Amino acid sequence: MSGRLTHRRVIATTAALVSAAMLMTACGDDKDSALGKKDDKAPFFKMLPPDIQKSGKIKIGSEIAYAPIEFMKDGKAVGVDPELAAALSKQLGVKYDYKNSQFDALIPGITTKRYDIVMSAMTDKKERQGQGLSFVDYFRAGTSILVKKGNPENIKTLDDLCGKTIALQEATTNEDVAVAQSAKCKTDGKGEITIQKYAADGEALLKVKGGGAVADLNDFPVAAYNSQTSGGGNDFEVTGDQIEAGLYGIGVGKDNTQLQQALKSALEALIKNGEYGKIMDKWNIQAGAVTEVTINGATS
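The structure displayed is predicted, hence computed values, not measured ones.

1. Points about helix α9 (residues 257-273)
Now for step 1: Spanning 17 residues, α9 covers 24 Å between terminal C-alpha atoms, matching the ideal 24 Å at 1.5 Å per step.
Now for step 2: The complete set of buried residues in α9 reads L259, Q260, A262, L263, K264, S265, A266, L267, A269 and L270.
Now for step 3: Where α9 terminates, the next one or two residues include G274, which has phi positive at roughly 90°.

Structure, rendered in structure tokens:
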């Protein structure tokens, strides 16, 4: 998957899933969502590969169904990645052309040159680097603990979940984290965790909201978004530090070092001029912001 370290992708809300389906039905995979205009005087235009300079656009592959990183609203791709893409396009002097795709098709889309880059909350992993990608890393995300507003159980760490009931989406890294922690709880004599597993995270959230579970384990940006938006920000809150955080990266063909360096320089400029921070602040995910841009920074 993208943000998770497993293959599966988590849809943040049912609404996001429906919106993505509507996009695919209404306009297919090839709808041009380009913004901006070609500007050969832009700071990093001349760093771009000649073919992109000539075409005046970067083709971006993304599965647009993962709020708040990328999702559909009023028929338009919005979120962290689209806003970063717009800011990068100004630094690079070219348009960006968003292509909606199934997540599994994104890496093959790079190797077949359907896309120039992938921006889809994709975790930088050694395994993916071995599939022909390099990553320009721009965000850090791990598992977060989401609890009811006010944190009535005073949960701060995974150890505080021992002997309690939690809810989460099945077949995700978050489930792996919970299972490992439950085993630790048992070894420590604190009581195993009762893990309620659901096909969609929205069901897990309803359990927590209704008091049937004390917490939901979720990707940090999704947890942060739900804490900010659900019930006008009155339903949930994120507690404790991120767990097993990894780097999100912009996927680029491994041999396309010129584009990698152009993106790295443009991102560094956005961090320096404050635009990157403004996007993180807007979506309430400052805790995942990076202060330096790495290429292939994954350790596993």
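Structure shown, so let's carry the discussion forward.
2. A word on the packing of aromatic side chains
Now for step 1: For the structure shown, the criterion picks out six aromatic pairs.
Now for step 2: When the centroid spacing of 5.9 Å and the interplanar angle of 85° are considered together, the rings of F71 and W283 count as edge-to-face. Here the residue F71 occupies a position in strand β2 (residues 71-73), and W283 occupies one in the loop between α10 (275-282) and β11 (289-295), the gap between them amounting to 212 residues.

3. Section: the packing of helix α3 (residues 80-92) against α10
Now for step 1: Where α3 meets α10, the axes come as close as 10 Å, and the angle between the chain directions of the two elements is 165°. As judged from the angle between their axes, α3 and α10 are roughly antiparallel. Relative to α10, the crossing made by α3 is right-handed. Taking contact as the criterion, the partners of V80, E83, L84, A87 and Q91 in α3 are, on α10, E275, Y276, I279, M280 and K282.
Now for step 2: For the contact of α3 with α10, the class distribution of residues is six nonpolar, one polar and three charged.

4. Some words on unusual backbone geometry
Now for step 1: With omega at 5°, the peptide bond leading from A67 into P68 counts as cis.
Now for step 2: The phi dihedral of D74 falls on the positive side, at around 55°, and the residue is not glycine.
Now for step 3: Along the chain, D74 falls in the loop between β2 and β3 (76-78).
Now for step 4: Take D74: its relative accessible area is 77%, and that puts it in the exposed class.

5. Let's talk about the nonpolar core
Now for step 1: In this structure, L92 and I250 are the most contacted members of the largest nonpolar core, which totals 53 residues.
Now for step 2: No other element matches α9, which puts seven residues into this core.
Now for step 3: In this view, L92 contacts D39, A42, F44, F45, L48, I58, A262, L263 and A266; residues no more than four positions away in its chain are not counted.

6. Some points on the environment of G61
Now for step 1: Along the polypeptide, G61 turns up in strand β1 (residues 57-62).
Now for step 2: Note: C-alpha distance between G61 and R114 (53 residues apart in sequence) is 8.2 Å.
Now for step 3: If we skip the residues at most four places from it in the chain, G61 touches K99, L106, Y115, I117, V118, M119 and S120.

7. Side note on the packing of α3 against α9
Now for step 1: Axis separation between α3 and α9 bottoms out at 9 Å; the angle between their running directions is 105°. Comparing their axes, α9 and α3 come out roughly perpendicular. Contact residues: α3 offers L84, A87, L88, Q91 and L92, while α9 offers A262, L263, A266, L267, A269, L270 and N273.
Now for step 2: Taken together, the residues of the contact of α3 with α9 break down into ten nonpolar, two polar and no charged.

8. Notes on the side chain of N218
Now for step 1: Topologically, N218 is positioned in strand β9 (residues 215-219).
Now for step 2: Given the relative accessible area of 0%, N218 is considered buried.
Now for step 3: Separated by 2.5 Å, the side chains of N218 and D201 make a polar contact.

9. Here's the deal with the environment of G189
Now for step 1: Its location among the elements puts G189 in the loop between α6 (173-187) and β8 (194-198).
Now for step 2: Judged by relative accessible area, G189 falls into the exposed class, the value being 63%.
Now for step 3: Along the chain, G189 and C162 lie 27 residues apart, while their C-alpha atoms are 9.2 Å from each other.

10. Focus on α6
Now for step 1: In this model, α6 (15 residues) spans 21 Å end to end at C-alpha, consistent with the 21 Å of a helix rising 1.5 Å per residue.
Now for step 2: Inspection of α6 places T173, N174, E175, V177, A178, Q181, S182 and C185 among the buried residues, and these make up the whole buried set.
Now for step 3: Packed against the buried residues of α6 are β6 (133-148), β7 (165-169), β8, β9 and β10 (236-253).
Now for step 4: At the exit of α6 stands G189, carrying a positive phi of roughly 70°.

11. Topic: the confidence of the model for the protein
Now for step 1: When pLDDT is averaged along the protein, the result is 88, and 88% of the positions lie at 70 or above.
Now for step 2: Confidence drops under pLDDT 50 across residues 4-36; counting only partners more than four residues distant or on other chains, this segment forms 78 contacts.

12. Some details on the state of the cysteines
Now for step 1: For the coordinates displayed, the defined rule picks out one disulfide.
Now for step 2: Here C162 pairs with C185 through a disulfide, and the sulfurs are 2.0 Å apart. Looking along the S-S bond of the C162-C185 disulfide, the torsion reads about -75°, which is the left-handed sense. Taken together, the residues C162 in the loop between β6 and β7 and C185 in helix α6 connect sequence positions 23 residues apart. Neither C162 nor C185 differs from the other in exposure class; each is buried.

About the criteria used
Throughout, a residue's number is its position along its own chain's written sequence, starting from 1. A pLDDT threshold of at least 70 governs which residues receive local features in this predicted model, and a stricter bar of 80 or more applies before side-chain atom pairs are shown or counted, although totals over entire chains, interfaces and linings include all residues. To obtain the side-chain values, all non-hydrogen atoms of the structure were used and water was disregarded. Segments assigned H or I by DSSP are reported as helices when at least four residues long, segments assigned E as strands when at least two residues long, and all are numbered from the N terminus. To estimate the expected span of a helix, count its residues, drop one, and scale the result by 1.5 Å. For the exposure calls, accessible area comes from a 1.4 Å probe over protein chains only, and a residue counts as buried if that area is under 20% of its type's maximum, exposed if over 50%, partly exposed in between. Only centres within 6.5 Å qualify two rings of Phe, Tyr or Trp (six-membered ring in Trp) as a pair; their planes then separate them into stacked at under 30 degrees, edge-to-face at over 60, and tilted for everything else. Angles run from 0 to 180 degrees between N-to-C directions of axes, and those axes are lines fitted to C-alpha atoms, restricted for helices to the stretch in contact. Each angle is binned into one of four classes, with values under 35 degrees roughly parallel, values over 145 roughly antiparallel, values of 65 to 115 roughly perpendicular, and all other values oblique. What makes a crossing left-handed is the near helix being turned counterclockwise from the far one by less than a right angle; a clockwise turn instead makes it right-handed. Two residues form a contact once any of their heavy atoms are found within 4.5 Å. Each residue receives one of three labels: charged for Asp, Glu, Lys and Arg, nonpolar for Ala, Val, Leu, Ile, Met, Phe, Trp, Tyr, Cys and Pro, and polar for the others, Gly being one of them. To define a nonpolar core, start from buried Ala, Val, Leu, Ile, Met, Phe, Trp, Tyr and Cys residues and group those joined through side-chain atoms within 4.5 Å. Whenever a nitrogen or oxygen atom comes within 3.5 Å of another N or O atom, the pair is scored as a polar contact, on the condition that within protein one atom can donate a hydrogen and the other can accept it, and that pairs from neighbouring residues in sequence are kept only if both atoms are in side chains. Values of pLDDT, the confidence the predictor places in each residue, fall between 0 and 100. In plain terms, two cysteine sulfur atoms within 2.5 Å form what is called a disulfide here.

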